[in-house]
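# Results of the structural survey
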Amino acid sequence: MQNDRVPLYLQIQEYFKEQISSKNLLENDRIPTEKEIMEQFNVSRITVVNALSGLAQEGWIYRIPGRGSFVKEGKYEPKQSLLTELPDRYTPTTALEANTPNKRTIGLVMTTIGDYFAIRLLRGITQALNDSDFQLIIMLTFNSQEREQYAIKELARMGVEGLLIFPSDGEVYNEEILALKIKGFPFALIDRYLPGIETNIVCSDGSLGAQLAVSHLWELGHRDIVLCADVPVPTMTVEERISGYMKELKARGGMINPANILTNLEVDTKTVLTDHPLFRFMESSMATAYIAL
C-alpha cells in the first residue's frame, strides 16, 4: 500500500476498497474502529477520520453513531475524478490564446467575495498580476465542495496555467485538490493546508496570532477569555488558532474551559437573539473578553 506520492488517507481508502472488492469484507460487515486503523497504519486520528468520511461519501461504507462503520450494500459506481481526466504530465492548453494572445491565465477558486478579508485578498492578487503577462478568472463555490470540484475541472479544461484555491469548509478536503497534487498541476492553497501533504500554501500563523491575542488580553487583566468562530466545521486553520489559544492559557497558568471555545456561531447583526450563546455569555458576565476568529 505504500506510495509516497499518494496521501495516507487515500492509501487507507484504497486498502478498504480492495478489501471490499475482493470480498474479504462483505456487505454489512463492521470495519475496524478508528483506534484500530490508527494502530494498523500508524497514522493520526484526523487521517483516519478523513479516510472514513471519504469512503462514506463515495458509498463504500455507512456509519452508525456509537456503533461504528459498516460495508454498504449494493453495487458501487465510482465517480469520475480529475485524477483520470488530467494527463500524467500536466501541460497547459492554449484554449484561451485566441481571445487574449498576450495573456496567460490563472484560475482563482474562492468560496465567496462577501467580506472584507475576501475583498482585500482579491485586491492583492489583482495588484500582483497587474505588471505580469497573466490574467485572472474567478469562480465562486459558495462553500460547496461540489461547486469546488466543478470549478477546478472547468478551469483546468479552459487551459489555465495554474490555480489559486481557497478551499470550502468541510470535514475532508475535495479529492480533486489531491488529484492536482498527484498529477503535478500547478496550484497554491489560500488560508488552508492539507494535513500530511506538502503543497504550496499562503496563510497566516494562526497559532501565533491566537497566542498574541490571549497574551494581550491577559496583560490587560482578563482571565475568562472566550474564543469565537463562525465556521460550521473545524478547519485546520481554526484548529491551529484553538491550539494557540490553549497553549498561551497554559503558559500563563490559566484554566482551559472547553465551554469558552464557541464554534459554528451564526450572528445576525439585525436581530438580537436572547438564546444565542454570545448573548447568554455577555448577559451573565461569564467572560470579560472575546477573541473573534
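The present account deals with the structure reproduced in this document. This one's a predicted model, so the numbers in the text were calculated from it and none came from an experiment.

### What to know about the overall build of the protein chain
What the protein chain contains, in helices and strands, is 10 helices and 10 strands. The proportion of buried residues among the 293 residues of the protein chain is 43%. Restricting to contacts in the protein chain with at least 6 residues of sequence separation, those with at least 24 account for 64%. About 17000 Å² of surface is accessible on the protein chain, with carbon and sulfur atoms providing 52% of the total.

### A short note on the sheet that holds strand β10 (residues 289–292)
Spatially, 3 strands are ordered β9-β8-β10 in an open sheet, and the strand pairing comes out parallel. The open sheet has two edge strands with one neighbour each: β9 (261–262) and β10. Pairing of strand β8 (residues 225–228) with β10, which is carried by 4 bridges, proceeds in the parallel orientation. The residue bridging Ile225 from the neighbouring strand is Ala289, located in β10. Sitting on the sheet, helix α8 (residues 206–219) touches β8 and β10, and the angle it makes with β10 is about 165°. Sheet strands in contact with helix α9 (residues 236–251) are β8, β9 and β10, and its direction is about 170° off that of β8.

Parameters and conventions
Residues numbered from 1 in each chain as written. Predicted model: local features only at pLDDT ≥ 70, side-chain atom pairs only at ≥ 80, totals over all residues. Heavy atoms only, no water. Helix = DSSP H or I, 4+ residues; strand = E, 2+ residues; numbered from the N terminus. Buried < 20%, exposed > 50% of the residue type's maximum accessible area, 1.4 Å probe, protein only. Contact = heavy atoms within 4.5 Å. Areas by Shrake-Rupley, 256 points an atom, 1.4 Å probe, with all protein chains shown as cover. Pairing = 2+ DSSP bridges. Axes fitted to C-alpha atoms, helices over the stretch in contact; angles between N-to-C directions.

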